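# Breakdown of the fold
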Amino acid sequence: MQIRFEKRKLSVFLLLLMCGLVLWLFPSKAEAATVPVTVRIPVSCDGGNPSETFTFVLDMETRDFQKPDQMMIRMKAGEEGAFTIHYGVPGTYHYKIRQEAGANKKSTYDSTVYQVDVYVTEDEKGVLQADPVIYLDGSKDKKAEVHFTNSGWSAPSKTSRSGAVKTGDSTDFAVYVMLLIASATTLAVLFRVLFIKRKG
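Structure report, in brief.

### Some remarks on the environment of Ala130
- Structurally, the position occupied by Ala130 is in strand E8 (residues 128–136).
- Once the C-alpha coordinates of Ala130 and Val118 are considered, the two residues, twelve residues apart in sequence, prove to be 6.4 Å apart.
- Those residues in contact with Ala130 that sit more than four places away from it in its chain are Val37, Val39, Val118, Tyr119 and Val120.

Structure follows, in structure tokens:
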């Protein structure tokens, strides 16, 4: 009886040891430590009024299993911003990035809408990897970046208060001086002729 009990105890111990070894060698996804991943989607723009601040918006298809740092970017022409998003679960995430039209009636705002799909995968060690794919909304042609180009605004010409263009040329001054000398000479000649006629 004692021997049977000992054998049974040994069998249970060996079974538990084997189960623990299997779980250690082949951890399930629920037990594996998932390492989150972050994606940065750059956005840039050019053209338009250089003193104007433009607004760019991130529209999300769903808010599950992701955490964006911002939903809106504000920047001027020539600057670059980015939407930063953190993921903790594998999956495919869909976004649209667009520019909001401004209030400047002299500017034409780029109405392009970009579609961004982010493919988040997990390797055997539980580490997530993310690959963003950018293309125009309604198209499948991939784009290298999210870039907007505004137009319709031109810098005002530099004019003086009188409306004349400032050229920085001294020609006008020289002409005025010559005309003044010529006028003075003509008047002197006329006075001399009149003086001689009266004397004669």
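### Some words on the packing of aromatic side chains
- Scanning the entire structure with this criterion turns up four aromatic pairs.
- Aromatic pair Phe54 and Tyr109: ring centres 6.2 Å apart, planes at 70 degrees, arrangement edge-to-face. One end of the pair, Phe54, is in strand E2 (residues 53–60); the other, Tyr109, is in the loop between strand E6 (91–100) and strand E7 (113–122), with 55 residues separating them in the sequence.
- When its relative accessible area of 14% is taken as the criterion, Tyr109 is described as buried.
- Their ring planes at 85 degrees and their centres at 5.4 Å tell us that Tyr114 and Phe148 sit as a pair that is edge-to-face. With Tyr114 in strand E7 and Phe148 in strand E10 (residues 146–150), this residue pair connects regions lying 34 residues apart in the sequence.
- Exposure remark for Tyr114: the relative accessible area of 7% places this residue in the buried category.
- Put simply, the rings of Phe56, Tyr114 and Phe148 touch in pairs and so form one group of aromatic residues.

### Some details on the pattern of salt bridges
- Within the structure shown, the criterion is met by two salt bridges.
- A salt bridge links Asp59 to Arg98; its shortest N-O distance comes to 2.8 Å. Of the two residues, Asp59 sits in strand E2 while Arg98 sits in strand E6, which places them 39 residues apart along the sequence.
- Notably, a salt bridge pairs Lys96 with Asp137, separated by 3.5 Å at the nearest N-O pair. Here the residue Lys96 occupies a position in strand E6, and Asp137 occupies one in the loop between E8 and strand E9 (142–143), the gap between them amounting to 41 residues.
- Taking relative accessible area as the criterion, Lys96 reaches 35% and is therefore assigned partly exposed.

Calculation rules
- Residues numbered from 1 in each chain as written.
- Predicted model: local features only at pLDDT ≥ 70, side-chain atom pairs only at ≥ 80, totals over all residues.
- Heavy atoms only, no water.
- Helix = DSSP H or I, 4+ residues; strand = E, 2+ residues; numbered from the N terminus.
- Contact = heavy atoms within 4.5 Å.
- Phe/Tyr/Trp six-rings, centres within 6.5 Å; stacked < 30°, edge-to-face > 60°.
- Buried < 20%, exposed > 50% of the residue type's maximum accessible area, 1.4 Å probe, protein only.
- Salt bridge = Lys/Arg side-chain N within 4 Å of Asp/Glu carboxyl O.

Worth remembering: the numbers are spatial, not functional.
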